[in-house]
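Residues per chain are reported as follows:
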Amino acid sequence: MKKRLNFSAMLLLVCVSVFAASAVFSQTTKVDALLKEIQDYDFGKSRAALSEMSELMKTVLASPADKAAAEKLMISFLKTDASFAAKQYVCKQLSIIGSNESIPVLTDLLKDPKTADIALYALERIPGKAVDDALLGALAKSKGNVKVGIINTLGQRKVADAVKSIEKSVGDKNKDIASSSIAALGKIATVQAADVLSKAKGKAKGNLKDLALDAWLQCADALVASDKAKAMSIYKAVYEKEKAVPARIAALRGMVTASGNDAVDILVKAMDKDAAIQTAAIGLVRELPEKSNLNPLITKLDKLSEMGQIQLLTAIADRREMAARTAVLVAVKDDDEQIKIAALKALSRVGSDYDVDLLAETAATTQGDVQEAARESLDRLADPAVDKKIIALIGTADSKIKAELVRSAGARNIKTATAMLLTAAKDNDRIVRREALRALATLATPEQVDELINLIKTEENSTIRQEAVKTLGAVSLKIDGDPGKKIRAAAEKETNIESKSALLQALGRLGDQKSLTLMRANLNSDNVELQKAAVRALSLWTDTSPLDDLLTVVKTSSDATLKILSLRGYMDLMKLESNRNDVESLVLYKVAMEYATETSEKRMVLSGLSELRCIGAITMVAKYLDDENLKREAEVAATEIGNRVYQQDPDYVAKIMNKVLEQTDNDSAINTANKVIQKINE
Amino acid sequence: MKRRQFLKATALSAGAAAFPAIVPATALGKNGAVAANDRIVMGFIGLGGMGTGNLNGFLGKSDAHVVAVCDVDREHRNQAKELINKKYGNSDCETYNDFRELLERDDLDAICNATPDHWHAIISIQAARKGLDIYQEKPLAYTIAEGRAIVDAVEKYGTVFQTGSQQRSSSNFRFGCELVRNGRIGQVDLVKVGLPGDWSIRNNPLQITNPPEGFDYNMWLGPAPETPYSPARCHWNFRWISDYAGGQLTDWAGHHIDIAQWGMGSELTAPIEIDGAGVFPIDKSVIFDTMTSYEFNCKYKKGFTIKVMDRNRHPRGMGVLFEGTEGWVYVNRGEIDANPKSLLKSVIGPNEIHLYESNDHRQNFLDCIRTREEPIAPPKVSHRSIMVAHLGLTAIKMGKKLNWDPEKEVFVNNPDANRYLSRAMRSPWKL
């Protein structure tokens, strides 16, 4: 049995070996065949063989044997007189599969400026010291752009042994050679490279000087881990002795990030430097280690300009350093509005429940950007005790402040405030009621629908009642099953026409089938006010189901107001998503235009038409290009439709675009018309 | 003192308040009007489609003033110059063919770099060394190594750097990510990212020819491998050529992958395991060679997976779908959807995670120049967004599952894959 197993294993091994060998053979054959095709490739010719080879490389890469075989074939290929394009492609492949075996042929290509770049393309990616040595060897014999390329590649590869060779080129008269040498030393970033750059930066001028400082700092960045003293000496030299501000800022950053606990002192001293450095130093406060003692910076505040103080305070606040709170509170009282705004916003990060009163009061007694900042800060205060404080204050605050607290309860999503908000929704102050209803739209639950219905019934102010309608609609949408059930029942019982109308509108926001039946019943009522209520509700519908109902009112009603309300509602519903195609929509817009008597309604139709993508739409719009009251809207609509449909009938669309261009002074229409004409001409 | 140093030093005295709040331009003066001396002086490099879009955007900002443009295409730079001079009613705008000359100006505070991907790192790093602030188009960089170099340079010089991942400044994306971050859909184990796949070629002739007069093709190629000119190669279409970019995947990584990372809180790290497949069309064109269809999985240390795919494979086409144990959130341009729907009305409380709020990407950049704060899309974040795409692309090219060390930014136990991290530049170009 044992013998038999061994035999089986051997057989398997042989099979696998034969299979593997045949696989290699197979891949090699394919590579060979494709290379023969590629031999004739040139730019502008079919890339078929190249694409096939790229695809084949996936398989080749999976097997070291395939890879070696393919490389061998490619090396041979590069020795032929194949086209530059073909060799370039093969070098790209060698950049991925190449090994030391490829070095001789690639190095040979370095001798010719025409092929040097494609050789470096491959060499730069092939790992190993042998490539480094080959590049160094080639460097000595190279000149011009080839030399530049080799130095760049040595830099990219961070070849430490190249420093001495590259040093000779740092002061080269050829600026490209000098600049590539400096940049390469920065990438190599050894102590030796840093020393060469230390001398080079003294002699360099202009852009080379900037580059040398950049490279020197790059060395410092790389040396921080292994030779911190050396790194710090470079940073310090650039920061203290050089003139170039960008380099000094970079050096300051290097010092700060490398200094650990000493970083704060470095920044404190930098605050005394020129303004650009001071600004950079303040920015770096955000990069200090987490547990840095910022007190020395805070004590520096008094010596900074007012704006400097704010910059620093806010940078500290950005770190959520509570130590900044006292100083921020002082700045909140500053007379300068911008300082006040910045301080208010900073307070959201360093403040606590103690600051709720201040922020609410500021929000209640100011306007514009200051008010917005105070509100934003109140809404964002992260201290967990803030919510409780807001609820507590709602009960006692005067109206203006109460309104702000109520608003913030909604913005902060304080679910435990719902009961308090329902009470606030009955407040004597209408602003408080409005804000409470807005907050309840988010916070109230289906269990509170009855209370919201009652609020609608009892609210006397029509604007606030509309707010309650929105809230009732929003909360009812949270009900599973039949969201309008309670509202319908209330509406059917309601005798007060205003309340009934409001409840119907709340149903309109739900857009459910059962409520649609109720609306239709009201449309057929003899009471015009009820008809209007139904039309208003249908205008809010969430889909296009009531389009025909509204159109019927437009066509049949004798009440002018009702007709206008219905037409507007019809236009609103036309904007909703539907399964209609654009030609069908065009028919509906034509009907709307037929019944539109007011200019404003006609403008609405043109606006709706501008969304369509059919030639008929532009034809319809074009009719109004000469209408003094409508031409502006028609011009915009024509160009927008034209932009979508010009391919359907370019000549016709171009004619309309030219007409728009002849008559319009609207920049947007001019731009779009020109764009369309340009596309047509292309 | 050079202008740019002056502005940084006096940033706050111009009226802008400091941290933590970005003070909008409207607060800087009446109705947003800003005194000429307080305006941020900008130069533009790269005036193709994105560059011109950015130019128009910044020309509309009262606190920015554009004084110079640079493009290797004379037609582009002259069109931009006309646009600027028309806007300001003067003839002051200067034009450059070589970006290095523009960077030499001592009146600039910032630049906008909207060049093709293969130029991003060289230009932005040189600008950072000059002390200039930078608005740069995504993707951050052509390779992972170039991205790291940008991140390092920006940190080193304290540069204010905004990547053009403007979706971050849209409220629907921010809110969607806040819902996910705050656990509204429970634990999220899978995020599906849908991006475009196929090339979107603009029909320029493919034939090799001499570059048109006024187009410095050698400069356009810059660090990329030498290749003869054809009209189809350059403007716009460069995205579909691997010498300059990585196709739709890398073009869009700075948008939807960026949002996926934002939502998952992985914006400062990267996946540890990447595996997938893609299609590089054979002979569909004589120039274009990037992927047109792809799907790859990125597994993160915390256990979740971001699955990146072309839109034909994504359940909702384009966008980001976060799938949680208690629901899902979907975000796309101009769109946010969730299950349960009630999440869309959800309020993010004060003790929850609030993400960086910007409602105007370019204004956020200008505001941060004054306050010296970090903008909403800094390179340390955009480096990670494009990293996901580069990792996916490498795994697909290698045809195998790869392991990645997000800290060291190297593939684990796979030296061949590590070769893809950087690319040699055509001489004399270097970082």
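### Observations regarding the overall build of chain A
Helix and strand counts for chain A come out as 40 helices and zero strands. Relative to its length of 682 residues, chain A is extended, with a C-alpha radius of gyration of 39 Å against a globular reference of 26 Å. Burial status across chain A gives 53% buried among its 682 residues. For chain A, contacts bridging at least 24 residues in sequence account for 63% of all contacts bridging at least 6.

### Overview of unusual backbone geometry
Here the amide bond leading from Lys138 of chain B into Pro139 of chain B is cis, since omega sits at -5 degrees, within 30 degrees of zero. Checked against the element boundaries, Pro139 of chain B lands in the loop between β5 (133–136) and α6 (144–157). Residue Pro428 of chain B is bonded to the preceding Ser427 of chain B through a cis peptide linkage, with omega at 10 degrees. Among the secondary structure elements, Pro428 of chain B is positioned in the segment after α12 (415–418). Even without being a glycine, Lys158 of chain A presents a positive backbone phi close to 55 degrees. Following the sequence through the fold, Lys158 of chain A ends up in the loop between α8 (144–156) and α9 (163–167). A relative accessible area of 53% means that Lys158 of chain A is categorised as exposed.

### Structural notes on the sheet that holds strand β4 (residues 110–113) of chain B
Residues and elements named next belong to chain B. Spatially, six strands are ordered β3-β2-β1-β4-β5-β6 in an open sheet, and the strand pairing comes out parallel. Two strands in the sheet have a free side with no partner beyond their single neighbour: β3 (94–96) and β6 (161–163). Averaged over all pairs of adjacent strands, the angle between strand axes in this sheet comes to 25 degrees, irrespective of strand direction.

### As for the interface of chain A and chain B
Facing the 76 residues of chain A at the interface are 63 residues of chain B. Each partner contributes to the roughly 5800 Å² buried at the junction of chain A and chain B, and carbon and sulfur atoms together form 54% of this total. Of all residues in chain A, Arg47, Lys58 and Arg125 of chain A bury the most surface against chain B, accounting for 10% of the area lost on that side. For the pair chain A and chain B, the interface holds nine salt bridges. Ionic pairing is found between Glu357 of chain B and Arg380 of chain A, a salt bridge with its closest N-O pair at 3.8 Å. For the side of chain A that touches chain B, the per-class residue count stands at 30 nonpolar, 20 polar and 26 charged.

### Regarding the pattern of salt bridges
Once their charged atoms are close, side chains differing in charge can pair, the charge on each being opposite to the other. As enumerated under the stated definition, the model contains 74 salt bridges over all chains in all. Measuring nitrogen to oxygen at the nearest pair gives 2.9 Å for the salt bridge that ties Arg407 of chain A to Asp379 of chain A. You can see Arg407 of chain A sitting in helix α24 (residues 399–411) and its partner Asp379 of chain A sitting in helix α22 (residues 368–380), a full 28 residues away along the chain. Assigned by exposure class, Arg407 of chain A and Asp379 of chain A land together as buried. Linking Lys130 of chain B and Glu104 of chain B is a salt bridge whose minimum nitrogen-to-oxygen distance equals 2.8 Å. Of the two residues, Lys130 of chain B is situated in the loop between α5 (120–129) and β5 and Glu104 of chain B in the loop between α4 (99–103) and β4; the sequence distance between them amounts to 26 residues. What emerges from the salt-bridge pattern is a single network uniting Arg375, Asp379, Glu404 and Arg407 of chain A.

### Section: the nonpolar core
If you look at the biggest cluster of nonpolar residues, it comprises 345 residues, and the most contacted ones within it are Met53 and Leu106 of chain A together with Phe99, Ile111, Leu249, Val308 and Phe322 of chain B. Excluding its chain neighbours within four sequence positions, the residues that come into contact with Ile111 of chain B are Met42, Gly43, Ile45, Leu102, Leu103, Ile123, Ala127, Leu132, Asp133, Ile134 and Tyr135 of chain B. Membership of the second largest hydrophobic core comes to 21 residues, among which are Phe44, Leu55, Ile84 and Cys93 of chain B.

### Some words on the pairing of β5 of chain B
Every regular strand shows the same layout, with side chains that alternate between the two sheet faces. All names here are of chain B. Along β5, one buried face is formed by Asp133 and Tyr135 and the opposite face, lined by Ile134 and Gln136, is buried too. The pairing of β4 with β5 spans four bridges and is parallel. Within β5, the residue paired with Ile111 across the bridge is Ile134. Taken together, β4, α5 and β5 constitute a β-α-β crossover, and its handedness is right-handed.

### Some thoughts on the confidence of the model for chain B
Per-residue pLDDT for chain B averages 91, and the proportion of residues at 70 or more is 91%. With pLDDT under 50 throughout, residues 6–33 of chain B is counted as low confidence; its partners more than four residues away or in other chains account for 76 contacts.

### Comments concerning empty space enclosed by the protein
Following the criterion strictly, the structure yields five cavities of 30 Å³ or more and no others. Put simply, the largest cavity is a space of about 150 Å³. Taken together, 19 residues make up the lining of the largest cavity; nearest its centre are Glu124 and Gln156 of chain A together with Arg423, Ala424 and Met425 of chain B. If you list the elements that add at least two residues to the lining of the largest cavity, you get α6 (113–123) and α8 of chain A together with α6 of chain B.

### Structural notes on the pairing of β4 of chain B
All names here are of chain B. A two-sided burial pattern is seen for β4, the buried positions comprising Ala110 and Cys112 on one face and Ile111 and Asn113 on the other. Pairing of strand β1 (residues 40–45) with β4 involves four bridges; the strand directions are parallel. Residue Met42 lies in a different strand from β4, and its bridge partner there is Ala110.

### Some thoughts on the state of the cysteines
All names here are of chain B. Under the definition given, this model contains zero disulfides over all chains. Here Cys70 is not disulfide-linked; the sulfur of Cys93 is the nearest cysteine sulfur, at 11 Å. Given the relative accessible area of 3%, Cys70 is considered buried.

### Considerations on the sheet that holds strand β10 (residues 305–310) of chain B
Backbone-to-backbone hydrogen bonds pair the strands of a sheet. The strands run either parallel or antiparallel. Residues and elements named next belong to chain B. Reading across from one edge, β13-β12-β11-β7-β10-β9-β8-β14-β15 is the order of the nine strands in this open sheet, with mixed pairing throughout. In this open sheet, the two edge strands, each paired with only one partner strand, are β13 (335–339) and β15 (410–411). Relative to β10, strand β9 (residues 293–299) is paired through five bridges, and the arrangement is antiparallel. By the bridge assignment, Phe296 is partnered in β10 with Val308.

Definitions and limits used
- Residues numbered from 1 in each chain as written.
- Chains lettered and ligands numbered in written order.
- Predicted model: local features only at pLDDT ≥ 70, side-chain atom pairs only at ≥ 80, totals over all residues.
- Heavy atoms only, no water.
- Helix = DSSP H or I, 4+ residues; strand = E, 2+ residues; numbered from the N terminus.
- Rg over C-alpha atoms; globule rule 2.2 N^0.38 Å.
- Buried < 20%, exposed > 50% of the residue type's maximum accessible area, 1.4 Å probe, protein only.
- Contact = heavy atoms within 4.5 Å.
- Pairing = 2+ DSSP bridges.
- Axes fitted to C-alpha atoms, helices over the stretch in contact; angles between N-to-C directions.
- Buried area = accessible area lost by both parts, 1.4 Å probe.
- Salt bridge = Lys/Arg side-chain N within 4 Å of Asp/Glu carboxyl O.
- Nonpolar A, V, L, I, M, F, W, Y, C, P; charged D, E, K, R; others polar.
- Core = buried A, V, L, I, M, F, W, Y, C linked by side-chain atoms within 4.5 Å.
- Right-handed = clockwise from strand over helix to strand, strands pointing away.
- pLDDT = per-residue confidence, 0-100.
- 1 Å grid on protein atoms, 1.4 Å probe; cavity = no way out; pocket = protein on both sides within 12 Å on 5 of 7 lines; lining within 4 Å.
- Points joined across faces, edges and corners; volume = space filled by probe spheres on them.
- Disulfide = S-S within 2.5 Å.

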